[in-house]
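Inside the fold
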Amino acid sequence: MTKILIVEDEAGLRQGLEINLRHEGYETAVAADGEEAVRVFHAENPDLVLLDLMLPKRSGFEVLDHIRKISKVPVILLTARGQETDKVRGLRGGADDYVTKPFGVQELFARIDAVMRRSEVATATRSICEDHLIRLDPATREASANNQKLKLSPKEFDLLMYLFKNKERVVPRDELLSRVWNYRVDLNLNSRTVDTHVTRLRRKLQKAVGTDSAVIVAVAKIGYRYLGQAPAV
Ligand code: CA
């Protein structure tokens, strides 16, 4: 049975979620502040976390940060209307999705289903990506280029993996935003996010492969492509 940890300090909302999720067939665990959230997370080992951001004792961001250091469990943020920067910060911090309060339970169920499905797909496709140049192990999140270990952020790793898996084509920025960042159009973000991460990733790759190399190429006005080779310039 899928166990969901509900982290929410508003008692009414917390209890309402608990009742609705149980009714839908989920097992639940609850926490009313950030410290309790960390404690209950360790004790209950949930399959998914619903995480309010504004919490007493430790903020939702701190809780998310703690969870992401040790686990890839799906996290859905419960955010207040109008807190766009919080949503972005949360997604960048490794949250999988968010719902904006007040939300309907049907929307929440749909988001839980989608996030669980993605997480199951991710688990099912944990094969190592490898060519003569790079090696990515999704199970351990270890990456190397030219047999040198790369220190990649989680998003840089996902980005490189996605480009690698789609190396036969140029991947548009919008696709990267939606598939690697799980961004939704209503967040109103621009593609600078992608560019910034690609720039950082390329710098790390180039350090391992040689400064004159272009492992990932930019295709003007479209996006990026993994070349899988290091052509001398
Ligand atoms: Ca709150």
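Structural notes, computed from the coordinates. (Residues numbered from 1 in each chain as written. Predicted model: local features only at pLDDT ≥ 70, side-chain atom pairs only at ≥ 80, totals over all residues. Heavy atoms only, no water.)

1. Thoughts on the packing of aromatic side chains
Filter applied, for reference: Planes of paired rings set the category: under 30 degrees apart is stacked, over 60 is edge-to-face and the rest tilted, where pairs are Phe, Tyr or Trp rings (Trp by its six-membered ring) whose centres lie within 6.5 Å. Two conditions define a charge located above a ring, namely a distance within 6 Å from the ring centre to NZ of Lys or CZ of Arg, and an angle within 35 degrees of the ring normal.
One pass over the full model with this rule turns up one aromatic pair. For the cation-ring pair, Lys167 lies above Phe164, with the distance from its terminal atom to the ring centre recorded as 4.1 Å.

2. Considering the packing of helix H2 (residues 34–44) against helix H3 (residues 60–70)
Think of two packed helices as two axes; the pair is described by the angle between the axes and how far apart they sit. The criterion, for reference: Inter-axis angles, ranging from 0 to 180 degrees, are taken between N-to-C directions of lines fitted to C-alpha atoms, where helices are fitted over the stretch in contact. In this description a helix means any DSSP run of H or I spanning at least four residues, a strand means any run of E spanning at least two, and both kinds are numbered starting from the N terminus. Any angle between 65 and 115 degrees counts as roughly perpendicular, while under 35 counts as roughly parallel, over 145 as roughly antiparallel, and the rest as oblique. By convention the crossing between two helices is left-handed if the near helix lies anticlockwise of the far one by an angle smaller than a right angle, and right-handed if it lies clockwise. We call two residues in contact when some of their heavy atoms are within 4.5 Å. When residue character is reported, Ala, Val, Leu, Ile, Met, Phe, Trp, Tyr, Cys and Pro are called nonpolar, Asp, Glu, Lys and Arg charged, and the others, Gly included, polar.
Relative orientation of the contacting elements H2 and H3 amounts to 20 degrees, with a least axis distance of 10 Å. Relative to H3, the element H2 is oriented roughly parallel. In this structure, the crossing between H2 and H3 has a hand that is right-handed. Two secondary-structure elements touch here, H2 through Gly34, Ala37, Val38, Phe41 and His42 and H3 through Val63, His66, Ile67 and Ile70. Along the lines of polarity and charge, the residues of the contact of H2 with H3 split into six nonpolar, three polar and no charged.

3. Quick notes on the side chain of Thr28
What counts here: Only protein chains enter the accessibility calculation, which uses a 1.4 Å probe; a residue is then buried when its area is under 20% of its type maximum, exposed when over 50%, and partly exposed in between. Counting of polar contacts relies on pairs of N or O atoms within 3.5 Å, with two restrictions inside protein: one atom must be capable of donating a hydrogen and the other of accepting it, and residues adjacent in sequence are counted only when both atoms are side-chain atoms.
In this structure, Thr28 sits in strand E2 (residues 27–31). Accessibility expressed as a relative area gives 12% for Thr28, which makes it buried. At 2.8 Å, the side chain of Thr28 and the side chain of Arg22 are in polar contact. With near-sequence residues (within four places) excluded, Thr28 lies in contact with Ile4, Ile6, Glu18, Leu21 and Arg22.

4. Regarding the packing of helix H6 (residues 154–165) against helix H8 (residues 192–209)
The N-to-C vectors of H6 and H8 enclose an angle of 85 degrees; their axes lie 10 Å apart at closest approach. The pairing of H6 with H8 is recorded here as roughly perpendicular in orientation. On H8, the residues touching Lys155, Glu156, Leu159 and Leu160 of H6 are His197, Val198, Arg200, Leu201, Lys204 and Leu205. Classifying every residue of the contact of H6 with H8 gives five nonpolar, one polar and four charged.

5. Remarks on the coordination of the calcium ion
So the rule is basically this: For Na, K and Ca the donor cut-off is 3.2 Å, and for all other metals it is 2.8 Å, counting N, O and S atoms only; because water is absent from this set, sites may look incomplete.
Around the calcium ion, the protein supplies Asp9 (OD), Asp52 (OD) and Met54 (O) as donor atoms, at distances of 2.1 to 2.3 Å. Counting residues between consecutive donors of the calcium ion along the chain gives the motif D-x42-D-x1-M. Since its relative accessible area comes to 56%, Met54 is described here as exposed.

6. Some thoughts on H2
Buried within H2 we find Gly34, Ala37, Val38, Val40 and Phe41. For H2, the elements touching its buried residues are strand E1 (3–7), E2, strand E3 (48–52) and H3. The opening residue of H2 is Asp33, an N-cap whose side-chain oxygen sits 2.9 Å from the backbone nitrogen of Glu35. Among the residues trailing H2, Asn45 stands out with phi positive, at a value near 50 degrees.

7. Observations concerning unusual backbone geometry
A cis geometry characterises the amide bond from Lys101 onward to Pro102, with omega recorded as -5 degrees. Structurally, Pro102 can be placed in the loop between strand E5 (97–101) and helix H5 (105–124). In this structure, Lys57 takes a positive phi of about 70 degrees despite not being glycine. In this structure, Lys57 sits in the loop between E3 and H3. On the basis of relative accessible area, Lys57 is assigned to the exposed category, the value being 61%. For Asn146, which is not glycine, the phi dihedral falls at a positive 55 degrees.

8. Notes on the sheet that holds E2
Operational definition: Whether two strands pair depends on DSSP finding at least two bridges between them.
Here five strands make up an open sheet; going across it, the order is E2-E1-E3-E4-E5 and the pairing parallel. The sheet is open, and its two borders are formed by E2 and E5, each paired with just one other strand. For this sheet, the mean angle separating the axes of adjacent strands, direction not counted, is 20 degrees. In this sheet, strand E4 (residues 75–80) lies alongside E3 in parallel orientation, the contact comprising four bridges. Considered in E4, the bridge of Leu51 is made with Leu77. Contacts between helix H1 (residues 11–23) and the sheet are confined to E1, E2, E3, E4 and E5, with E2 contributing the most and set at about 170 degrees to the helix. Where H2 meets the sheet, its contacts fall on E1, E2 and E3, and the angle it forms with E2 comes to roughly 150 degrees.

Keep in mind these values describe shape, not function.
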